[in-house]
Amino acid sequence: MEVGQMQSRLADYTKSLFMEGILDAQFLQLQQLQDESNPDFVVEVVSLFFDDSEKLLNDIARALDQQCVDFKKIDAHVHQLKGSSSSVGAQRVKNACVAFRNFCEEQNAEESRRCLQQVKQEYYLVKNKLETLFTLEQQIVAAGGSVPMIELSF
């Protein structure tokens, strides 16, 4: 596939992530912070998000499995996950965390477990989609092209 086709495919794929509500404008702001002096900035930040999120999701699952559920601890973890997902533009993860926090406030263990599954589903979806996005970008660079900045209007 030629570079122009790959760039077009990347643009379409990126736009679909916004249209599906997987990403929001914060991701574009993150991309704008990347330049020649730090070409891997977005990948590095998102990789940290992935690492932190995996740990938080495991911590939340462990806390929900306890005999006596500590909802303050769970809420703190969910709050942290909401903040980090918001900072990378993972809109659907953030939104799932908002709902989760409401059930923590109500100390509803059953609904909290359901929300954890929803948050995990949204997290693994955004992780898969961003990994695909980064692979497309790497293929363009490997073919001698440059990654185009995607212009979206909100």
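So, here is what we can say about the structure in this document. Keep in mind it's a predicted model, so treat the numbers as computed, not measured.

## A closer look at the side chain of Asp-24
Alright, step 1. Tracing the backbone through its elements, the reader meets Asp-24 in the loop between helix H1 (3-19) and helix H2 (25-32).
Alright, step 2. Buried charge Asp-24 goes without a salt bridge, the closest partner of opposite sign being Lys-94 at 4.0 Å.
Alright, step 3. When sequence neighbours within four positions are dropped, the list of residues in contact with Asp-24 reads Phe-18, Gly-89, Gln-91 and Lys-94.

## What about H1?
Alright, step 1. With 17 residues, H1 should reach 24 Å at 1.5 Å per residue; the first-to-last C-alpha distance of 24 Å fits that figure.
Alright, step 2. Residues of H1 that are buried: Met-6, Leu-10, Ala-11, Tyr-13, Thr-14, Leu-17 and Phe-18. Looking straight down H1, one finds its buried side chains confined to an arc of 170°; they lie on one side.
Alright, step 3. On the buried face of H1, the contacting elements are H2 and helix H6 (109-142).
Alright, step 4. One or two positions beyond H1, positive phi appears at Gly-21, with a value near 75°.

## Observations regarding the packing of aromatic side chains
Alright, step 1. On inspection of all chains with the given rule, the structure shows four aromatic pairs.
Alright, step 2. Between the aromatic rings of Tyr-123 and Tyr-124, the centroid separation amounts to 4.9 Å while the plane-to-plane angle is 70°, which identifies the pairing as edge-to-face.
Alright, step 3. With relative accessibility at 1%, the residue Tyr-123 sits in the buried group.
Alright, step 4. The class for Tyr-124 is partly exposed, based on a relative accessible area of 40%.
Alright, step 5. Three or more aromatic residues joined by ring pairs make a cluster, and in this case those are Phe-49, Phe-50, Tyr-123 and Tyr-124.
Alright, step 6. Above the ring of Phe-50, the side-chain terminus of Lys-127 is found at 5.6 Å from the ring centroid.

## Things to note about the packing of helix H4 (residues 71-88) against helix H5 (residues 91-105)
A pair of packed helices can be characterised by two numbers: the angle between their axes and the separation between those axes.
Alright, step 1. Taken N-terminus to C-terminus, the directions of H4 and H5 make an angle of 165°; their axes are 9 Å apart at the nearest point. When the axis of H4 is compared with that of H5, the two are roughly antiparallel. When the axes of H4 and H5 are compared, the crossing they make is left-handed. Residues Phe-71, Ile-74, Asp-75, Val-78, His-79, Leu-81, Lys-82, Ser-85 and Ser-86 of H4 pack against Val-93, Lys-94, Cys-97, Val-98, Phe-100, Arg-101 and Cys-104 of H5.

Parameters and conventions
Residues numbered from 1 in each chain as written. Predicted model: local features only at pLDDT ≥ 70, side-chain atom pairs only at ≥ 80, totals over all residues. Heavy atoms only, no water. Helix = DSSP H or I, 4+ residues; strand = E, 2+ residues; numbered from the N terminus. Buried < 20%, exposed > 50% of the residue type's maximum accessible area, 1.4 Å probe, protein only. Lys, Arg positive; Asp, Glu negative; His and termini not counted. Salt bridge = Lys/Arg side-chain N within 4 Å of Asp/Glu carboxyl O. Contact = heavy atoms within 4.5 Å. Expected span 1.5 Å × (residues − 1). Arc of directions from axis to C-beta. Phe/Tyr/Trp six-rings, centres within 6.5 Å; stacked < 30°, edge-to-face > 60°. Lys NZ or Arg CZ within 6 Å of the ring centre and 35° of its normal. Axes fitted to C-alpha atoms, helices over the stretch in contact; angles between N-to-C directions. Parallel < 35°, antiparallel > 145°, perpendicular 65-115°, else oblique. Left-handed = near helix turned anticlockwise from the far one by under 90°.

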